[in-house]
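If you want the building blocks of each chain, they are given just below.
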Amino acid sequence: MMRDLFAESHETIGPGAVLLRGHALPLEDEILAALEAVTARAPFRTMMTPGGYTMSVAMTTCGDAGWVSDRTGYRYSSTDPETGKSWPEMPQSFRRLATGAAAAASYPGFDPDSCLINRYEPGTRLSLHQDKDERDYSQPIVSVSLGLPATFLFGGPKRADPTAKYPLFHGDVAVWGGPSRLFFHGVSMVKEGEHARLGRRRVNLTFRRAL
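For the structure given in this document, a descriptive report is provided here. (Residues numbered from 1 in each chain as written. Predicted model: local features only at pLDDT ≥ 70, side-chain atom pairs only at ≥ 80, totals over all residues. Heavy atoms only, no water.)

Focus on the nonpolar core
Grouped together as the largest cluster of nonpolar side chains are 32 residues, with contacts concentrated most on Phe-94, Ile-117, Val-142, Val-144, Val-175, Leu-205 and Phe-207. At the level of secondary structure, the elements contributing two or more residues to this core comprise strand S2 (17–20), helix H1 (28–41), strand S3 (58–63), helix H2 (92–104), strand S6 (114–120), strand S8 (141–147), strand S11 (173–176) and strand S13 (202–208). Setting aside chain neighbours within four positions, we find Phe-94 in contact with Ile-31, Ala-34, Leu-35, Cys-62, Cys-115, Ile-117, Leu-205 and Phe-207. (Core = buried A, V, L, I, M, F, W, Y, C linked by side-chain atoms within 4.5 Å. Buried < 20%, exposed > 50% of the residue type's maximum accessible area, 1.4 Å probe, protein only. Helix = DSSP H or I, 4+ residues; strand = E, 2+ residues; numbered from the N terminus. Contact = heavy atoms within 4.5 Å.)

Comments concerning the pairing of strand S5 (residues 73–77)
Consecutive residues of a regular strand have side chains that alternate between opposite faces of the sheet. Sheet topology places strand S4 (residues 66–70) next to S5; 5 bridges connect them, and they run antiparallel. Note that in S5 the partner of Val-68 across the bridge is Arg-75. The hairpin turn running from S4 into S5, its antiparallel successor, is 2 residues long. (Pairing = 2+ DSSP bridges.)

Description of the pattern of salt bridges
Applying the stated criterion across every chain yields a total of 15 salt bridges. Residue Arg-197 is joined to Asp-29 by a salt bridge in which the shortest nitrogen-to-oxygen separation is 3.1 Å. Within this pair, whereas Arg-197 is found in the loop between strand S12 (185–187) and S13, its partner Asp-29 is found in helix H1, the two being separated by 168 residues in sequence. What emerges from the salt-bridge pattern is a single network uniting Arg-95, Asp-111, Asp-113 and Arg-209. (Salt bridge = Lys/Arg side-chain N within 4 Å of Asp/Glu carboxyl O.)

Notes on unusual backbone geometry
Unusually for a residue other than glycine, Ser-106 sits at a positive phi of about 75°. For Ser-106, the position within the fold is in the loop between H2 and S6. Accessibility expressed as a relative area gives 60% for Ser-106, which makes it exposed.

Quick notes on H2
Its 13 residues place the ends of H2 18 Å apart at the C-alpha level, agreeing with the 18 Å of an ideal helix rising 1.5 Å per residue. Every buried residue belonging to H2 is among Ser-93, Phe-94, Leu-97, Ala-98, Ala-101 and Ala-102, and all of these are buried. Axial view of H2: buried residues confined to an arc of 160°, hence all on one face. One or two steps after H2, the chain reaches Ser-106, where phi turns positive at roughly 75°. (Expected span 1.5 Å × (residues − 1). Arc of directions from axis to C-beta.)

Have a look at this one:
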């Protein structure tokens, strides 16, 4: 999968939903350094679903609230369940990226308090789901792709709605809110590859206003 050099930099993918191609690249060095610092304090881990299945995608968090999953359900927690300590503070470079992308997508004033960090390796995927554990659905979702390319699936308000497929590359940012805030979305299986900065990994930063 290769980036289309002639693709629109601002691509509408749904009502209130856009792809900002390469939007994160100007902050690439800062973002990757901050990512390393966050994951040193709160390492990636695989979580369990309420149904008892282990997720294939490894996760961690920074910010005031971290999304967690276990046999008791999905929720946000102010502390890391593995250490009992607060999650790492959200780096300023992360915050600048999220607020800038939201503003570029016509969501000014976005102030995220949570960044879920997902690590994909070749062969992993994320099934269709809604982001609905947050308190305020008026706030958008900002999703940043780093590392290996992937295919983003974006559907509708019902799981059975048709899904469109969009290639995602290092530095691309997807933003959705308003009419599409609760649309189902996911990531197809990540293919084998090697990224110059992240190796055999795809990392996704998902910024939300959780509390």
